[in-house]
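# Structure at a glance
Each chain, letter by letter, is given below.
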Amino acid sequence: DQQVKQNSPSLSVQEGRISILNCDYTNSMFDYFLWYKKYPAEGPTFLISISSIKDKNEDGRFTVFLNKSAKHLSLHIVPSQPGDSAVYFCAAPGEGGNTPLVFGKGTRLSVIA
Amino acid sequence: NAGVTQTPKFRILKIGQSMTLQCTQDMNHNYMYWYRQDPGMGLKLIYYSVGAGITDKGEVPNGYNVSRSTTEDFPLRLELAAPSQTSVYFCASSYLTGTYGYTFGSGTRLTVV
């Protein structure tokens, strides 16, 4: 059973436009969420996170929105740049909050110049 | 500052062979993890460790063994390689788990033929 779901395997966006990557989760006990970015032949790198006490967290061009009632979060990238082309993973600590991260399957973002 | 170092980067094994994937971190992190990533799938946790001498199973531990004799090193052992273990393996570390971001190594691509 997937606890963190990313239902879009890929997304293609024009440079300068907004990229929106979505993530759903099943466990209402999750109270913290993280996004990781992965380039080919590299390990994932931490991008941005959000606590369940917030509904938005912003860091430069990256904003994560959390809708607890819908168990849904999204990552917005504005404006999108070719260097943003990568696989993005949504993650959450496992049940209990102090357990290793559970990852979604990832969404491959392609930003077209 | 090297972060998390994984060796080797690539390896081809024959069915039934054994090998050890090495992982070393120089950040004095207590927590270390092994994940595997299959094509089109997210990262699945194999084993993790909360400190030297302490290890615990993750979601997909079968066919693997780990040890943690020092804070820095967390090797992953495959005893009898099977084609199902063809994957990319990532080692990661963190100061704490849960809400803390992980630092990942660059991965080991393993093919079992």
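See above for the structure.
Residues numbered from 1 in each chain as written. Chains lettered and ligands numbered in written order. Predicted model: local features only at pLDDT ≥ 70, side-chain atom pairs only at ≥ 80, totals over all residues. Heavy atoms only, no water.

Side-chain pairs of opposite charge can arise whenever the charged atoms involved come near each other. All names here are of chain A. Per the counting criterion, the structure on display carries 5 salt bridges over all chains. Between Lys-37 and Asp-84 there is a salt bridge; the shortest N-O distance is 3.9 Å. With Lys-37 in strand β4 (residues 32-38) and Asp-84 in the loop between β8 (72-77) and β9 (86-93), this pair connects stretches of sequence that are 47 residues apart. Like Lys-37, the residue Asp-84 is buried in the burial classification. Measuring nitrogen to oxygen at the nearest pair gives 3.9 Å for the salt bridge that ties Lys-56 to Glu-58. Overall, the relative accessible area of 40% leaves Lys-56 in the partly exposed class. Via salt bridges that share partners, Lys-37, Arg-61 and Asp-84 belong to a single interconnected network. (Salt bridge = Lys/Arg side-chain N within 4 Å of Asp/Glu carboxyl O. Helix = DSSP H or I, 4+ residues; strand = E, 2+ residues; numbered from the N terminus. Buried < 20%, exposed > 50% of the residue type's maximum accessible area, 1.4 Å probe, protein only.)

Here the distance between the centres and the angle between the planes together describe a pair of aromatic rings. Under the defined criterion, the tally for this structure stands at 15 aromatic pairs over all chains. Consider the rings of Tyr-36 of chain A and Phe-104 of chain B, whose centres lie 5.8 Å apart with planes at 85°: the pair is edge-to-face. Remark: Phe-104 of chain B occurs in strand β10 (residues 103-104) and Tyr-36 of chain A occurs in strand β4; the pair is interchain, linking two chains. As far as burial versus exposure is concerned, Tyr-36 of chain A and Phe-104 of chain B are alike and both buried. Plain terms: the ring middles of Phe-90 of chain B and Phe-104 of chain B are 6.4 Å apart, the flat faces sit at 85° to each other, and that makes the pair edge-to-face. Pair noted here: Phe-90 of chain B is in strand β9 (residues 87-94) and Phe-104 of chain B is in strand β10, with a separation of 14 residues, a long-range link. Taking relative accessible area as the criterion, Phe-90 of chain B reaches 1% and is therefore assigned buried. Put simply, the rings of Tyr-36, Phe-46, Phe-89 and Phe-103 of chain A together with Tyr-33, Tyr-35, Phe-90, Tyr-102 and Phe-104 of chain B touch in pairs and so form one group of aromatic residues. (Phe/Tyr/Trp six-rings, centres within 6.5 Å; stacked < 30°, edge-to-face > 60°.)

All names here are of chain A. In this fold, Leu-109 is placed in strand β11 (residues 107-112). Among the residues examined, Leu-109 registers a relative accessible area of 1% and is labelled buried. Along the chain, Leu-109 and Leu-66 lie 43 residues apart, while their C-alpha atoms are 20 Å from each other. For Leu-109, the contacting residues outside a window of four places in its chain are Leu-11, Val-13, Ser-19, Ile-77, Asp-84, Ser-85, Ala-86 and Tyr-88. (Contact = heavy atoms within 4.5 Å.)

All names here are of chain B. Pairing within the open sheet is antiparallel, and its 4 strands lie in the order β1-β3-β8-β7. Two strands bound the open sheet, and with one partner strand each, they are β1 (4-7) and β7 (64-66). Neighbour-to-neighbour, the strand axes of this sheet turn through a mean angle of 20°, independent of strand direction. As judged from the 4 bridges shared by β1 and strand β3 (residues 19-25), these two strands associate in the antiparallel manner. Within β3, the residue paired with Val-4 across the bridge is Gln-25. (Pairing = 2+ DSSP bridges. Axes fitted to C-alpha atoms, helices over the stretch in contact; angles between N-to-C directions.)

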